[in-house]
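What follows is each chain in one-letter form.
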Amino acid sequence: MFANTCSNSSFFCFIQSFICNYRDEANPALFPEEFDQFKKALYLLEDGVKDSIQLYKRRWFIHWVLFMYHGGFRCHEARQIRLGDIDIQKRPDGKLKGIVQIRETTKTGKRTVIMNGNTLRKVRSHLNKGWKLQAEQIELHNHLVDSGKIKEFRWRSQERKESPVPITKDTFLLANPFSQKLIPYTDEHIRSQFNKVLSACDFDKRYTLHSLRSTHVTHSILKGVDIRVIADNVGNSQSEIESTYYRLNNLLNIDQLGFHQDASSDESEQVIHLDE
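Below is a summary of the structure that appears in this document. (Residues numbered from 1 in each chain as written. Predicted model: local features only at pLDDT ≥ 70, side-chain atom pairs only at ≥ 80, totals over all residues. Heavy atoms only, no water.)

1. Describing the pairing of strand β1 (residues 86-90)
Moving on, step 1. Of the strand pairs in this sheet, β1 and strand β2 (residues 96-102) are connected by five bridges, and their pairing is antiparallel. When the sheet's bridge partners are listed, Gln89 is paired in β2 with Lys97.
Moving on, step 2. Between β1 and β2, which pair antiparallel and follow one another directly, the connecting turn spans five residues, one of which, Gly94, has a positive phi of 90°. (Pairing = 2+ DSSP bridges. Helix = DSSP H or I, 4+ residues; strand = E, 2+ residues; numbered from the N terminus.)

See the structure below:
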């Protein structure tokens, strides 16, 4: 019976370890050096792009990556955020803090996320730029239609276009301003851009969109942020974070681990003699 108990216990530990390792490998986090490499490849997306709309879309994706990283959002949560759900406050120390209200319709329900205010402001500002760019494109198109010059461009629509839907507090923060109803970009579209950046980095691990959330949690832990605070901010339980990111424990306690000779002692190798 004792043997069976040990066997069952070992099997349980194996399964538990497998689950943790699977989750870690399924959506691995980018450690600081890897994330720096990823960002360098990310910013290269802008190089050589002259078309205003294409440049806007490349920069939108850059802002999206940084937004997901700084907020630790799940993809489905981010898609539901509207302009009325966000606020930016300047703290006494001069830092800008972004406050994002996650809606009740998400996986873990309603919560408040605190993030880098500069990143949040750039995302909101970029949406406005995209809307203005779309409005200019529509105005130019309608001018060609009214003047009859649109016939010179047979591959284009020959009809007038409606003015873009106005931006309100109910507009999605991550909306595609070139869509008819200001709907968010799909995960498939974003994933294709994400994979292009990854291919330029040639990483060994297979990173996913959800890896940005894992990266947020990992970097927060490495900076010494209390796990309970992290858990509340990203909408996870404390125990779930502890079990999933347990491998970081050694890095957090790096100064306490390893045997080292005292700095004040002789640097030459010390030999310990045992009494016979």
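What follows picks up the thread again.
2. What to know about the sheet that holds β2
Moving on, step 1. The sheet built from three strands is open, its strands ordered β1-β2-β3 with antiparallel pairing. Both edges of this open sheet fall to β1 and β3 (111-116), since each of them pairs with a single strand only. Between one strand axis and the next, the sheet turns through 25° on average, direction left out of account. (Axes fitted to C-alpha atoms, helices over the stretch in contact; angles between N-to-C directions.)

3. With respect to helix α2 (residues 32-43)
Given 3.6 residues per helical turn, the α-helix brings residues three or four places apart onto the same face.
Moving on, step 1. With 12 residues, α2 should cover 16 Å at 1.5 Å per step; its first-to-last C-alpha distance of 17 Å lies within 8% of that length.
Moving on, step 2. Listed as buried for α2 are Phe35, Phe38, Ala41 and Leu42. What you see down the axis of α2 is that its buried residues fit within an arc of 120°, all on one side. Turned more than 90 degrees off the buried face of α2, the exposed positions are Glu33 and Lys40.
Moving on, step 3. In this fold, the buried residues of α2 make contact with α3 (52-71), α6 (187-201) and α7 (211-222). (Expected span 1.5 Å × (residues − 1). Buried < 20%, exposed > 50% of the residue type's maximum accessible area, 1.4 Å probe, protein only. Arc of directions from axis to C-beta. Contact = heavy atoms within 4.5 Å.)

4. Remarks on α6
Moving on, step 1. Here α6 is 15 residues long and its end C-alpha atoms lie 21 Å apart, about the 21 Å a rise of 1.5 Å per residue gives.
Moving on, step 2. Burial in α6 covers these residues: Asp187, Ile190, Gln193, Phe194, Val197, Leu198 and Cys201. End-on view of α6: buried residues confined to an arc of 145°, all on one side of the axis. The exposed residues of α6 that point more than 90 degrees off its buried face are Glu188, Lys196, Ser199 and Ala200.
Moving on, step 3. In this structure, the buried side of α6 is in contact with α2, α3, α4 (75-80) and α7.
Moving on, step 4. Just past α6, the residue Asp202 takes up positive phi, approximately 55°.

5. Overview of the side chain of His126
Moving on, step 1. Mapped onto the secondary structure, His126 falls in helix α5 (residues 117-147).
Moving on, step 2. For His126, a relative accessible area of 7% puts it in the buried group.
Moving on, step 3. Excluding anything up to four places from it in sequence, His126 contacts Tyr56, Arg59, Trp60 and His63.

6. A closer look at the environment of Thr112
Moving on, step 1. Along the chain, the position of Thr112 falls in strand β3.
Moving on, step 2. Remark: the alpha-carbon pair of Thr112 and Asp85, spanning 27 residues in sequence, is separated by 9.6 Å.
Moving on, step 3. Apart from the residues lying within four places of it in its own chain, the contact partners of Thr112 are Ile99, Val100, Gln101 and Asn233.
Moving on, step 4. A polar side-chain atom of Thr112 sits 2.8 Å from a polar atom in the side chain of Gln101. (Polar contact = N/O pair within 3.5 Å; in protein donor to acceptor, adjacent residues only side chain to side chain.)

7. Things to note about the packing of α7 against helix α8 (residues 227-234)
Each pair of packed helices can be described by the angle between their axes along with the distance between the axes.
Moving on, step 1. Packing of α7 against α8 brings their axes to within 10 Å, and their N-to-C directions diverge by 155°. As the angle between them shows, α7 and α8 are arranged roughly antiparallel. The two elements α7 and α8 cross, and the hand of that crossing is right-handed. Contacts between α7 and α8 involve Arg213, His216, Val217, Ser220 and Ile221 from the first element and Ile230, Asn233 and Val234 from the second.
Moving on, step 2. Class assignment for the residues of the contact of α7 with α8 results in four nonpolar, three polar and one charged. (Parallel < 35°, antiparallel > 145°, perpendicular 65-115°, else oblique. Left-handed = near helix turned anticlockwise from the far one by under 90°. Nonpolar A, V, L, I, M, F, W, Y, C, P; charged D, E, K, R; others polar.)

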